[in-house]
Amino acid sequence: ASLVRNLTFVDLDLDQDEIAGDLTWLAAEKAEKVDEYLVFFATDARGGNRSQFMNVSADVFYVTFPPNYIYSPYTHLLVYARSDLAEQSTPGHIRISDASASVSNVSFVDADVDSEELGGQLFWEPPAVVDRVALYCVYLAEDTTGAERLEVQDVVVGANMGTV
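In this report, we go over the structure that sits alongside the text. This is a predicted model, so every value here is computed, not measured.

## What to know about the pattern of salt bridges
Phase 1 of the analysis: A complete count under the given rule lists 3 salt bridges for this structure.
Phase 2 of the analysis: Among the salt bridges present, the one from E36 reaches R82, with a minimum N-O distance of 2.1 Å. With E36 in strand β3 (residues 36-42) and R82 in strand β6 (residues 76-82), this pair connects stretches of sequence that are 46 residues apart.
Phase 3 of the analysis: The class of R82 is partly exposed, set by a relative accessible area of 27%.

## Quick notes on the environment of D84
Phase 1 of the analysis: Position of D84 among the secondary structure elements: in the loop between β6 and β7 (92-95).
Phase 2 of the analysis: Judged by relative accessible area, which is 66%, D84 ranks as exposed.
Phase 3 of the analysis: For the pair D84 and V34, spaced 50 residues apart in the sequence, the C-alpha separation amounts to 7.7 Å.

Analysis parameters
- What you see as residue numbers is a count from 1 along each chain, following the sequence as written.
- Totals for whole chains, interfaces and linings use every residue, but because this is a predicted model, local features are given only for residues with pLDDT of at least 70 and side-chain atom pairs only at 80 or more, for both listing and counting.
- Side-chain metrics in this entry use all non-hydrogen atoms of the structure; hydrogen atoms and water are not considered.
- For salt bridges, the criterion is a side-chain nitrogen of Lys or Arg within 4 Å of an Asp or Glu carboxyl oxygen.
- Numbered from the N terminus, helices here are DSSP runs of H or I no shorter than four residues, and strands are runs of E no shorter than two.
- Relative accessibility under 20% of the residue-type maximum defines a buried residue, over 50% an exposed one, and the middle range a partly exposed one, all with a 1.4 Å probe and only protein chains included.

Have a look at this one:
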């Protein structure tokens, strides 16, 4: 089998240590001899500690990682071409670039005088890079993990404040 080329991956999941999106590649140089492509996670570009994600047929040149896919402890995505004779020994590879865009320094002062109600302004510092942020979603939740969360407002990028 021949070498898989030009791997690309753009992480669309903005949570740290999670990925989502399409891994794409160009067909192997001798594509007519390829039966399928094998996609792995690994700890290096040579396939160290590899873990298989998926196989796809020879006419498919992408795989999709669903939202919130945890990739740790791996650092690379690999694609091998496999023919009826063998799996290629050198994979196409790309280092995982994990996009992260979390707000920080969140503050809220309850201005509502009723003991069982909330009302006031919520402020936050935006992430350092906002190029993939479409909007901020404000939630009320039972705890810091987001249990039983309820969305209360969407806020446009650049506003950095909301009303609860």
